[in-house]
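What the coordinates show
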Amino acid sequence: MNSSNGKFPPCLPSFRVGNGFDVHAFAAGDHVILCGVRIPHSHGLAGHSDADVAMHALTDALLGCMAAGDIGSHFPPTEERWRGAPSRLFLRHARDIVAEAGGIISHCDLTIICERPKLRPHMKAMRHNLTEILDIDPAQVSVKATTTEKLGFTGRGEGIAALATATVLVMSK
């Protein structure tokens, strides 16, 4: 129940949901990095950092929970210091913003969209990496993969997309 000023009463927690979406095109290379896992592939992903499309989407979802902008506002691709940076740095930063606001990550749900590479053999390692970075229980992290049945840019094998949803509980101060 909201008070007349639109703020939650101090005794009630605030449940927040954030969404993130990211896309990276295929480029020259022999692997992709998804959720911090190096996966052999005929191509790499183009990007200023390590192009981990999955971690980028999840970073944006967590930032969205906190109304803290997007990944590009925290790590501008115009800044050379982020060239080739591992995306775990971005995800840790978003985790820290949640924690500094007194938030607790309740759940993260991530869907990676591509025809290739096949991700099933790497799902356990990807989920493990996310739980380690976020310092949460594996039951709080879902990682899934799907295709677009050969439709659109992912279906044509031009790149990979990822969609993430995060839920955070913040106690009022």
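A quick note: this is a predicted structure, and the numbers were derived from the prediction, not measured.

A short note on unusual backbone geometry
- Residue R116 is joined to P117 through a cis peptide bond whose omega torsion reads 0°.
- Mapped onto the secondary structure, P117 falls in the loop between β5 (103–113) and α4 (123–134).
- At D135, a position not held by glycine, the phi torsion is positive, near 55°.
- The phi dihedral of E149 is positive, around 50°, even though this residue is not glycine.
- Relative accessible area serves as the criterion here: at 64%, E149 is assigned to the exposed category.

Remarks on the packing of helix α3 (residues 88–100) against α4
- Two elements in contact, α3 and α4, have axes separated by 9 Å at closest approach and are oriented at 45°. With respect to their mutual orientation, α3 and α4 come out oblique. Where α3 crosses over α4, the two elements pack in a sense that is right-handed. Touching R88, L91, R92 and R95 of α3 are L130, I133 and L134, all from α4.

Considering the pairing of strand β3 (residues 37–40)
- Side chains of β3 alternate between two faces, with V37 and I39 buried and R38 and P40 left unburied.
- As paired elements, strand β2 (residues 31–34) and β3 share four bridges and run antiparallel to each other. Note that in β3 the partner of I33 across the bridge is R38.
- Hairpin connection, β2 to β3: the antiparallel pair is bridged by two residues, and C35 has positive phi, about 55°.

A few points about the layout of surface pockets
- Computed from the structure, the largest pocket encloses a volume of approximately 210 Å³.
- Along its surface, the largest pocket is lined by 13 residues, and S49, H56, I71, F75 and P77 are the ones closest to its centre.
- Listing elements by their share of the lining of the largest pocket, those giving two or more residues are β1 (13–27), α1 (53–65) and α2 (71–74).
- Each residue belonging to the lining of the largest pocket can be placed in one class, and the counts come to five nonpolar, six polar and two charged.
- Roughly 170 Å³ of volume is contained in the second largest pocket.
- Contributing to the lining of the second largest pocket are C114, E115, P117, K118, L119, R120, M123, A145, T146 and T147.
- Among the residues forming the lining of the second largest pocket, the class breakdown is five nonpolar, two polar and three charged.

Let's talk about α3
- Here α3 spans 18 Å end to end across 13 residues, near enough to the 18 Å set by a 1.5 Å rise per residue.
- Turning to α3, its buried residues are F90, L91, A94, I97 and V98. Angularly, the buried residues of α3 cover 115° about the axis, an arc narrow enough to put them on a single face.
- Two residues or fewer past α3, G102 is found with a positive phi of approximately 80°.

Overview of the pairing of β1
- Alignment of β1 against strand β7 (residues 159–171), held across 13 bridges, turns out to be antiparallel. Within the sheet, the bridge partner assigned to V17 lies in β7 and is T167.
- Sheet analysis places β1 next to strand β4 (residues 44–45), joined by two bridges and oriented antiparallel. Across the sheet, residue A27 finds its bridge partner in β4, namely G44.

Comments concerning the confidence of the model for the chain
- Within the chain, residue pLDDT values average 93, and 92% of them lie at 70 or more.
- α2 is the least confidently modelled element of the chain, averaging 94 in pLDDT, while α1 averages 98, the highest of any element.

A few points about a nonpolar patch on the surface
- A surface patch of nonpolar side chains, amounting to about 260 Å² of accessible area, comprises F21, V23 and L163.
- Tracing the backbone through its elements, the reader meets V23 in strand β1.

The rules behind the values
Residues numbered from 1 in each chain as written. Predicted model: local features only at pLDDT ≥ 70, side-chain atom pairs only at ≥ 80, totals over all residues. Heavy atoms only, no water. Helix = DSSP H or I, 4+ residues; strand = E, 2+ residues; numbered from the N terminus. Buried < 20%, exposed > 50% of the residue type's maximum accessible area, 1.4 Å probe, protein only. Axes fitted to C-alpha atoms, helices over the stretch in contact; angles between N-to-C directions. Parallel < 35°, antiparallel > 145°, perpendicular 65-115°, else oblique. Left-handed = near helix turned anticlockwise from the far one by under 90°. Contact = heavy atoms within 4.5 Å. Pairing = 2+ DSSP bridges. 1 Å grid on protein atoms, 1.4 Å probe; cavity = no way out; pocket = protein on both sides within 12 Å on 5 of 7 lines; lining within 4 Å. Points joined across faces, edges and corners; volume = space filled by probe spheres on them. Nonpolar A, V, L, I, M, F, W, Y, C, P; charged D, E, K, R; others polar. Expected span 1.5 Å × (residues − 1). Arc of directions from axis to C-beta. pLDDT = per-residue confidence, 0-100. Patch = residues over 30% accessible without salt bridge, like charges linked within 9 Å, V, L, I, M, F, W, Y side chains within 5 Å. Areas by Shrake-Rupley, 256 points an atom, 1.4 Å probe, with all protein chains shown as cover. Salt bridge = Lys/Arg side-chain N within 4 Å of Asp/Glu carboxyl O.

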